[in-house]
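Structural characterization, general
Residues per chain, in single letters:
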Number of protein chains: 2
Amino acid sequence: MDRISVDLSGTAGFVGGHELTYMEGAAEGAAHSMIRGMGPGSEFLGWLSLPHDYDKDEFKRILAAAEKVRGESDVFLVIGIGGSYLGARAAIDMLTHTFRNQLYKARKAPQVLFAGHNMSAAYMSDLLEMLEGREVSVNVISKSGTTTEPAVAFRMVKRLMEEKYGKEGAARRIYATTDKASGALRRMADAEGYETFAIPGDVGGRFSVLTAVGLLPMAVAGIDIGSVMAGAADYEKVASGGFPGNDCLKYASMRNILYRKGKSVEVMVSYEPSMAMFTEWWKQLFGESEGKDQKGIFPAGVGFTTDLHSMGQFIQDGARIMFETVINVDRSAKSAMIPDDPEDCDGLNFLSGMDMGLVNRKAAQGTLLAHVEGGVPNVAVNVPEVSAYWFGQLVYFFEMACGVSCRLMGVNPFDQPGVEGYKRNMFALLGKPGYERERAELEARL
Amino acid sequence: MDRISVDLSGTAGFVGGHELTYMEGAAEGAAHSMIRGMGPGSEFLGWLSLPHDYDKDEFKRILAAAEKVRGESDVFLVIGIGGSYLGARAAIDMLTHTFRNQLYKARKAPQVLFAGHNMSAAYMSDLLEMLEGREVSVNVISKSGTTTEPAVAFRMVKRLMEEKYGKEGAARRIYATTDKASGALRRMADAEGYETFAIPGDVGGRFSVLTAVGLLPMAVAGIDIGSVMAGAADYEKVASGGFPGNDCLKYASMRNILYRKGKSVEVMVSYEPSMAMFTEWWKQLFGESEGKDQKGIFPAGVGFTTDLHSMGQFIQDGARIMFETVINVDRSAKSAMIPDDPEDCDGLNFLSGMDMGLVNRKAAQGTLLAHVEGGVPNVAVNVPEVSAYWFGQLVYFFEMACGVSCRLMGVNPFDQPGVEGYKRNMFALLGKPGYERERAELEARL
């Protein structure tokens, strides 16, 4: 089986060979304790077995629902935030046509639009205008149903759908992805008669992309979700092993080594613009899992070669606080040949007849060498191509690496105690009943 | 005159009041030396006077060209990278409809699409498919005409345009923004008979948004570029003054104070999704200006409340290496009212009848208090609203702050010596004539 591999040659001048060896026991121990269901956050280890141990009947319902949506919708509106947004968005951006939302009629796939992932009145107002005169289906995704952003968006969209299709007609076009048994959205969905899909109780938001949370929007967008699961399942087999062979342990160990040497920022690099949202998914996965107890590597993202013309100067020559992790894609799925210019005005005829994909790969090689020389350790994550199958491998690779990395960092990978602070303050400032005392305190501080 | 203001109350627990006072002389000195045309990089100070001292005849030609493009195009394709991409993109995303490219027919404004800002064959292939059957006009932007990404894209687009419209027809639809007198693109444009606009020789790429580089794409997108220039001109007047009143000096000083106390990452925050690309423009401005000689604050960006559900945990509770700079918008340009739910399923009826914009502002206040409490100093940049005029003020505010900040950091704000390294390597690996020796060396290292 072909698998994701990690190349650490770009760390050679910064990390001695023995340093990785000295981490092996801890990394394997961290992985094995997770696989045995132990350690901090062990109640949220459901993602480990998802690639093979998922609800096959629900999977068929996802495919059937996607087919129905594709047949009767111009727009599929996905309402969710955080882990209920980034995974699906990452997959769809990475695996479908760059201009799918402009070409949706020709491509016979609905536009996939998102809501409930911000609190902007301008965005919502523009979105509602966009929906006018179009056939719409909706997927509202929330474990509890009370997260403010998606709940507010769903209030507005539910009203619009019921005005447009009537209460029953709307109910046939609204799909709820939520907790199996409890919570506000579960109660509402049951009362209204929405078709529902489950977010397993032992899978946290940022680890949920291989559940209905990610799979239904992907399927509507035309992505082969069977291939996604197959890729994840193949990496699940790899990830149950130790050194060598299980390269997510190498990645997890190396980032901890670099952190302990003072590298406080990890810059995730991709050379495909379609992977920008995959980087955002990765940022949540690592940032929210690891950034706690005043520890953690700050996750940042760049898209090259675009950002070589903006952040490139800093990475080459600024404060030496970062390392780079580069996702190298070996083969471009599409080609674009560079034409010859008989007059060679731009002096680039040495590129004539080459595919842009080749130039992109040479740019990646040249950049790695330049940045290493400039003092930036480079970790390469190698993938043969951008496809549904490899998306699945990448997801499992990074999820497992994240769990191991956090255990090496000494934090619980699966909680997020720090995200409640702003919510409490926001509720108090908005006058939520029961928050009167906090409100007075906060307003005095403003 | 209303102006951008900076509120430093969120730095109070981290920085003593006297510390800012102690920076005043240096900050004012740095600003005045720039205004007098002195100091490192003084050959690139043209941006300082652009808001009042620009080519008025060219400005009229920009408006006329934009009108022509709007009348005869489905797509306006802007080819550029770095400073020849981010400014226009930031303005258009911030100031026009969120879904402008999907609604372009109803809105009677061409789609504005971008090329030459990456080396992805998949992107280019999708773009060329997107252009099929559409009326296209092109703006190629490059000072030299030899930057690889835009030059390669322009080769492909030029061929497409000439096949579609014939050589003369294509020439009437291609606009070149380039050096006044020299360079490959200047020569080609003159030979082909393209209408041209000038990039002044004393304005660097990342400071060029108020030249034709930014103004032509903005005008085509329907932005009132007169208002943009008026906003910039008003802040130019503010920026010629000292403390107090000139708040870009406060911002420049505070970020240097925080850097010297060990804060190595600045997180730029906005609460409007439409400002995501403005943050990217800011990242280039500060990262490329300041990240040199192994110094500089690493610039990162988040969009809240979206990223409170991904990066929020790290900012609240992870490694204490960052401060936040928040762009607060006082009034939302559009409104979206939260409906009541008689059954209050989600428990959010205390928000019924409120505008989302108000909830967004309370989220911002609550987040600031929570993050300050968590150990993250907060700088607030206050703007009354999102509009062309305020975009202009923001551009000048950040450009001036950047120049001053870099001078306080002890670096040349206006060069970028580190961006050549990867290019040399890439050329060598691609077999560019004259790079044979480097090629052998590099391939041995791979």
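Remember, it's a predicted structure, so these values are computed and weren't measured experimentally. (Residues numbered from 1 in each chain as written. Chains lettered and ligands numbered in written order. Predicted model: local features only at pLDDT ≥ 70, side-chain atom pairs only at ≥ 80, totals over all residues. Heavy atoms only, no water.)

1. Description of the overall build of chain A
A tally of regular secondary structure across chain A gives 16 helices and ten strands. Principal axes of the C-alpha set define a box for chain A whose edges measure 65 × 60 × 50 Å. Per-residue burial for chain A yields a buried fraction of 65% across its 446 residues. At a minimum sequence separation of 6, the contacts of chain A that also span at least 24 residues come to 78%. (Helix = DSSP H or I, 4+ residues; strand = E, 2+ residues; numbered from the N terminus. Buried < 20%, exposed > 50% of the residue type's maximum accessible area, 1.4 Å probe, protein only. Contact = heavy atoms within 4.5 Å.)

2. Comments concerning the relation of the copies chain A and chain B
Rotating chain A by 180° and moving it 0.0 Å along the rotation axis overlays it on chain B with an RMSD of 0.0 Å. Classification of the inter-copy transformation places it as that of a two-fold axis. Taking C-alpha positions as reference, the residue of chain A nearest the rotation axis is A:Gln102, located at 2.8 Å. (Least-squares fit on C-alpha atoms with pLDDT ≥ 70 in both.)

3. Thoughts on helix H9 (residues 225-239) of chain B
Residue and element names in this part refer to chain B. Taking 1.5 Å as the rise per residue, H9 with 15 residues should run 21 Å; its terminal C-alpha atoms sit 21 Å apart, in good agreement. Burial analysis of H9 places eleven of its 15 residues in the buried class, the great majority of the element. Turning to H9, its buried residues number three or more, namely Ile225, Val228, Met229, Gly231, Ala232, Ala233, Asp234, Tyr235, Glu236, Val238 and Ala239. Looking at the buried positions of H9, the neighbouring elements they touch are helix H1 (17-35), helix H2 (56-72), helix H8 (212-220), helix H10 (247-260) and helix H14 (388-409). For H9, the capping residue at the N-terminal end is aspartate 224, with a side-chain oxygen 3.0 Å from the backbone nitrogen of glycine 226. (Expected span 1.5 Å × (residues − 1). Polar contact = N/O pair within 3.5 Å; in protein donor to acceptor, adjacent residues only side chain to side chain.)

4. Observations concerning the packing of helix H11 (residues 276-290) of chain B against H14(B)
Residues and elements named next belong to chain B. Viewed as axis vectors pointing N to C, H11 and H14 meet at an angle of 20°, and their least axial separation amounts to 9 Å. In terms of orientation, H11 and H14 fall into the roughly parallel class. The two elements H11 and H14 meet at a crossing, and its hand is right-handed. Residues Phe278, Trp281, Trp282, Leu285, Phe286, Ser289 and Glu290 of H11 form the contact with H14, whose participating residues are Phe391, Leu394, Val395, Phe398, Glu399, Ala401, Cys402, Ser405, Cys406 and Met409. (Axes fitted to C-alpha atoms, helices over the stretch in contact; angles between N-to-C directions. Parallel < 35°, antiparallel > 145°, perpendicular 65-115°, else oblique. Left-handed = near helix turned anticlockwise from the far one by under 90°.)

5. A word on the interface of chain A and chain B
Across the contact, 128 residues belong to chain A and 128 residues belong to chain B. Summing both partners gives a buried area of about 10,800 Å² for chain A against chain B, and 66% of it is carried by carbon and sulfur. Seen at the junction of chain A and chain B, the total is eight salt bridges. Between A:Arg155 and B:Asp346 there is a salt bridge; the shortest N-O distance is 2.6 Å. For the interface between chain A and chain B, the tally reads 48 residue pairs in polar contact (both at pLDDT 80 or more). The greatest single-element share of the side of chain A that touches chain B, amounting to twelve residues, is contributed by helix H13 (residues 356-373) of chain A. Looking at the side of chain A that touches chain B, its residues break down into 57 nonpolar, 42 polar and 29 charged. (Buried area = accessible area lost by both parts, 1.4 Å probe. Salt bridge = Lys/Arg side-chain N within 4 Å of Asp/Glu carboxyl O. Nonpolar A, V, L, I, M, F, W, Y, C, P; charged D, E, K, R; others polar.)

6. Thoughts on the sheet that holds strand E2 (residues 75-79) of chain A
Residue and element names in this part refer to chain A. The strand order across the open sheet built from five strands is E3-E2-E4-E5-E6, with neighbouring strands paired in parallel fashion. Whereas interior strands pair on both sides, the edge strands pair on one side only; in this sheet they are strand E3 (111-115) and strand E6 (195-199). When the angles between neighbouring strand axes are averaged without regard to direction, this sheet yields 20°. Pairing geometry for strand E5 (residues 174-179) and E6, over five bridges, is parallel. What sits directly across from aspartate 179, in E6, is isoleucine 199. Those strands touched by helix H7 (residues 184-192) are strand E4 (136-141), E5 and E6, and its axis lies near 140° from that of E5. (Pairing = 2+ DSSP bridges.)

7. Things to note about helix H3 (residues 86-95) of chain B
Three or four residues apart is the spacing at which side chains of an α-helix point the same way, because the helix has 3.6 residues per turn. Residue and element names in this part refer to chain B. With eight of ten residues buried, H3 lies mostly within the body of the structure. Every buried residue of H3 is listed here: Leu86, Gly87, Ala88, Ala90, Ala91, Ile92, Asp93 and Met94. Buried residues in H3 make contact with strand E3 (111-115), H8, H11 and H14.

8. Some points on unusual backbone geometry
Looking along the chain, the bond that leaves A:Phe243 and enters A:Pro244 is cis, with omega of -25°. Tracing the sequence through the fold places A:Pro244 in the loop between helix H9 (225-239) and helix H10 (247-260). Cis geometry marks the peptide bond from A:Phe304 to A:Thr305, where omega comes out at 0°. Checked against the element boundaries, A:Thr305 lands in the loop between strand E8 (298-303) and helix H12 (312-317). Positive phi, normally seen in glycine, also occurs at B:Gln294, with a value near 60°.

9. Digging into the pattern of salt bridges
All names here are of chain A. Enumeration according to the criterion identifies 54 salt bridges over all chains in this entry. In this structure, the salt-bridge partner of lysine 158 is glutamate 162, at a minimum N-O distance of 3.3 Å. A residue pair is termed a helical-turn pair when its members lie 3 or 4 positions apart in one helix, as lysine 158 and glutamate 162 do in helix H6 (residues 148-173) at four residues. A relative accessible area of 15% places lysine 158 in the buried class. For glutamate 162, a relative accessible area of 22% translates into the label partly exposed. The structure contains a network of salt bridges with shared partners spanning Lys158, Glu162, Lys167 and Glu192.

10. Overview of the nonpolar core
Counting residues in hydrophobic clusters, the biggest one holds 234 residues, and the most contacted among them are A:Trp47, A:Phe298 and A:Phe398. In this structure, A:Phe298 is in contact with A:Ser264, A:Val265, A:Glu266, B:Val265, B:Val267, B:Ala300, B:Met311, B:Phe314, B:Ile321 and B:Met322, ignoring residues within four places of it in sequence. With 94 residues, the next largest nonpolar core counts B:Met34, B:Ile62, B:Phe114 and B:Phe323 among its residues. (Core = buried A, V, L, I, M, F, W, Y, C linked by side-chain atoms within 4.5 Å.)

11. Things to note about the sheet that holds strand E10 (residues 378-385) of chain A
Residues and elements named next belong to chain A. Taken in spatial order, the five strands line up as E1-E10-E9-E7-E8 in an open sheet, and their pairing is mixed. The sheet is open, and its two edges are formed by strand E1 (5-7) and E8, each paired on a single side. Neighbour-to-neighbour, the strand axes of the sheet open up by a mean angle of 25°, direction not taken into account. Across the sheet, H10 touches E1, strand E7 (265-270), strand E9 (322-331) and E10, and the angle it forms with E1 is around 35°. Relative to the sheet, helix H11 (residues 276-290) contacts E7, E8 and E9, its axis offset from that of E8 by approximately 175°.

12. What to know about the environment of A:Val152
Looking at the element boundaries, A:Val152 is found in helix H6. The spatial distance from the C-alpha of A:Val152 to the C-alpha of A:Gly116 is 7.1 Å, given a sequence separation of 36 residues. Setting aside anything within four residues of it in sequence, one finds A:Val152 in contact with A:Met119, B:Ile338, B:Leu348, B:Leu351 and B:Met356.

Any link to function would need more than the numbers given here.
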